[in-house]
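Structural description and commentary
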Amino acid sequence: MPTRPNARVLRDMAMRQGVAKNELLRRAYIFVSRNTTLPSQVRHQAQLQLNAFDKYTRPHAVKNRCVASGKGRGLLKGLCRFQFRLHALRNELPGVRKASW
């Protein structure tokens, strides 16, 4: 039976999709809000539009996570260090072997 993705992984996937979908529009609003040659009323409206975006559309909120466990620290090739060790011991990662000296 295949395992379901972790809730953190699902949230991360939704956040990445939201960022990709709204990136062009967000950049346009950011450009307008920071353009000092435009009237302040237009810049203020652009800033209000930026603030109205959902939290899943902000690119700084996207964090790299382990695809297996959802952990956000100690990542190697998309896996946390513990999952990386398990996959390496089962020879599921090409070119990775347990060190012995």
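Report follows, based on the coordinates. Values in this document were obtained by computation on a predicted structure and should not be read as measured data. (Residues numbered from 1 in each chain as written. Predicted model: local features only at pLDDT ≥ 70, side-chain atom pairs only at ≥ 80, totals over all residues. Heavy atoms only, no water.)

**A few points about the pattern of salt bridges**
How we decide: Salt bridges, as used here, are contacts in which a Lys or Arg side-chain nitrogen is within 4 Å of a carboxyl oxygen on Asp or Glu. Only DSSP runs of H or I with at least four residues qualify as helices, and only runs of E with at least two residues qualify as strands; both kinds are numbered from the N terminus onward. To sort residues, take the accessible area from a 1.4 Å probe on protein chains only and compare it with the maximum for the residue type: under 20% means buried, over 50% means exposed, and anything in between is partly exposed.
Across all of its chains, the model carries three salt bridges by this definition. Linking arginine 16 and aspartate 12 is a salt bridge whose minimum nitrogen-to-oxygen distance equals 3.0 Å. Here aspartate 12 and arginine 16 lie together in helix α1 (residues 7–34), a separation of four residues that amounts to about one turn. By relative accessible area, arginine 16 is classed as partly exposed at 36%.

**What about the nonpolar core?**
Put simply, the rule reads: Only buried residues count toward a nonpolar core, which is a set of Ala, Val, Leu, Ile, Met, Phe, Trp, Tyr and Cys residues joined through side-chain atoms within 4.5 Å. Working rule for contacts: check all heavy atoms of both residues, and any pair within 4.5 Å makes them a contact.
In terms of nonpolar packing, the biggest core is built from seven residues, these being Cys66, Leu79, Cys80, Phe84, Ala88, Leu93 and Val96. Only β2 (79–80) and α3 (81–89) provide two or more residues apiece to this core. When residues no more than four places from it in sequence are discounted, the contact partners of valine 96 are Lys77, Phe84 and Ala88.

**With respect to α1**
In plain terms, the rule: In this analysis the local bend is the angle between axes fitted, respectively, to the seven residues ending at and the seven residues starting at the residue.
Most pronounced at glutamate 23, the bend in α1 amounts to some 55 degrees. Considered for burial, the residues of α1 that qualify are Val9, Asp12, Met15, Gly18, Val19, Asn22, Arg26 and Ser33.

**Digging into the side chain of histidine 87**
Considering the arrangement of structural elements, one finds histidine 87 in helix α3. Judged by its relative accessible area of 18%, histidine 87 is buried. Sequence-distant contacts of histidine 87, that is, excluding residues within four places in its chain, are made with Leu79, Glu92 and Leu93.

**Let's talk about unusual backbone geometry**
For residues other than glycine, phi is negative in most cases, and the peptide bonds are mostly trans. Unlike most non-glycine residues, lysine 77 shows phi in positive territory, near 55 degrees. Tracing the chain through its elements places lysine 77 in the loop between β1 (75–76) and β2. A relative accessible area of 68% places lysine 77 in the exposed class. Here asparagine 91, not a glycine, exhibits a phi torsion of approximately 60 degrees, which is positive. On the basis of relative accessible area, asparagine 91 is assigned to the exposed category, the value being 62%.

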